[in-house]
Amino acid sequence: MTSSATPGLSRFNSADEPEAARLLHEVCGSRTWGAAVAAGRPYDSLDALLGASDAAMAALTAGDLAEAMAGHPPIGRPRPGDPTSAREQSGVQASLREELLELNLAYQDRHGHVFLICATGRTGDEMLAALKERIGNDADSEREIVRTELGKINRIRLSRLVEEDPS
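None of these values were measured; they are calculated from a predicted model. (Residues numbered from 1 in each chain as written. Predicted model: local features only at pLDDT ≥ 70, side-chain atom pairs only at ≥ 80, totals over all residues. Heavy atoms only, no water.)

Would you mind going over unusual backbone geometry in detail, with residue names and values included?
Of note, the amide linkage connecting R41 to P42 takes the cis form, showing an omega dihedral of 0 degrees. Position of P42 among the secondary structure elements: in the loop between α3 (31–39) and α4 (46–58). (Helix = DSSP H or I, 4+ residues; strand = E, 2+ residues; numbered from the N terminus.)

Structure representation (structure tokens):
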């Protein structure tokens, strides 16, 4: 088998279990997802790692999804001192933050969790439109949309994890 593992992927593959769990928890707050992805190591390529992430995401229960969502700050309010949420939400203009936060609270009242969207590459206007569109969804439909959005976020974060130069 020929490996196309990057140095970052090789570091992830060789990390001890506690370190791998910590790294994966930074990607996704679901312990079930993290355990499933960690159990598949070593990965010979980023594609193999992303495939394992997708499979683990598809298998998450509603409780696992809730655990994963709990690790995400509301759109429009990146977690202070968290460069990941700040980078991912960089498309949110200051002028939209108040409206986004207000609608986030209404969404949370209706659905019981934070509005989750893959914010990377989206403008604040696009996220606001998606929030307005999704706030009226039923719980089952919204849970599957959240699963898809969380999967996108995990793919982006995993790619950064294994492609970044730690030095």
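Text resumes after the structure shown.
I'd like a description of the side chain of E149, backed by residues and values.
With respect to the helices and strands, E149 occurs in helix α9 (residues 139–163). Apart from the residues lying within four places of it in its own chain, the contact partners of E149 are L116, I117, C118, R122 and R134. (Contact = heavy atoms within 4.5 Å.)

Go over α9, please, and point to the residues and values.
Taking 1.5 Å per residue as the helical rise, α9 with its 25 residues ought to reach 36 Å, and the 36 Å between its terminal C-alpha atoms agrees with that figure. Within α9, burial applies to E142, V146, R147, E149, L150, G151, I153, N154, R157, L158, S159 and V162. Taking the backbone nitrogen of D140 as reference, a side-chain oxygen 3.1 Å away marks D138 as the first, capping residue of α9. (Expected span 1.5 Å × (residues − 1). Buried < 20%, exposed > 50% of the residue type's maximum accessible area, 1.4 Å probe, protein only. Polar contact = N/O pair within 3.5 Å; in protein donor to acceptor, adjacent residues only side chain to side chain.)

How would you explain the environment of R97 if you had to name every residue and give the values?
For R97, the position within the fold is in helix α7 (residues 94–111). Placed 31 residues apart in sequence, R97 and L128 show a C-alpha to C-alpha distance of 9.5 Å.

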